[in-house]
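A structural walkthrough
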Amino acid sequence: MVRKALRISRGGAPKATWEERKIAIRAKALRSYERRRLAGDLTEKDFVWCLDCERAWYRRNRWTWCPGEGCDGGGAGDLWPWARIRAVNRGYPEIPMPGERYGQYGVEV
Ligand SMILES: [Zn+2]
């Protein structure tokens, strides 16, 4: 059970929890992804895949943690280069959809 932290900062505004911050982080990353996708500027190197939630993410600022909702993935070995998961799943696209789930051993039917 996760206790929702609603601490009051000096300014009186509620302090955002990590999950709330991740919502903003994902939105910002998605805008950057869209801009670069439209410019045809993305490569598979711009993406990581999380071993915990099995989702692909467009990585900004060299994240070492997963921005996924409710996911604690991060640290050593959790975030794989997208190329690594593609190497064993030949059907996966070069440019994945951020936040989309791609199973470690293929898409479940
Ligand atoms: Zn994750």
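Scroll up to find the structure this text is about.
All residue numbers refer to position in the chain's written sequence, counted from 1. Selection of residues for local features in this predicted model requires a pLDDT of at least 70, selection of side-chain atom pairs for listing and counting requires 80 or more, and totals for whole chains, interfaces and linings are taken over all residues.

**Here we look at the overall build of the chain**
Each helix is a run of H or I in the DSSP string that is no shorter than four residues. Each strand is a run of E no shorter than two, and both are numbered from the N terminus. For the chain, the count of helices and strands is two helices and three strands. A buried classification covers 18% of the 109 residues belonging to the chain. Two residues qualify as being in contact provided that their C-beta atoms, derived from the backbone, are within 7 Å of each other. Counting contacts in the chain only where the partners sit at least 6 residues apart, residues at least 24 apart contribute 50% of the total. Each residue is classed by its C-beta neighbour count within 10 Å, where at least 20 other C-beta atoms makes it buried, 12 or fewer makes it exposed, and intermediate counts make it partly exposed; the C-beta atoms are placed from backbone geometry.

**Considerations on the sheet that holds strand E2 (residues 56-58)**
With antiparallel pairing, the three strands of this open sheet are ordered in space as E2-E1-E3. Each edge of the open sheet is held by one strand with a lone partner, namely E2 and strand E3 (79-81). Adjacent strand axes in the sheet meet at a mean angle of 40° when their direction is disregarded. As judged from the three bridges shared by strand E1 (residues 47-50) and E3, these two strands associate in the antiparallel manner. Paired with Trp49 across the two strands is Trp80, which belongs to E3. Paired strands, as defined in this entry, are two strands with at least two bridges between them according to DSSP. Axis definition: a line fitted to C-alpha atoms, limited for helices to the stretch in contact. Angles are taken between N-to-C directions and run from 0 to 180 degrees.

**Things to note about unusual backbone geometry**
A negative phi angle is the norm for most residues apart from glycine, just as the trans form is the norm for most peptide bonds. Backbone geometry places Glu54, a non-glycine residue, at a positive phi of 55°. Note that Glu54 resides in the loop between E1 and E2. Residue Glu54 is classed as partly exposed on the basis of its 18 C-beta neighbours within 10 Å.

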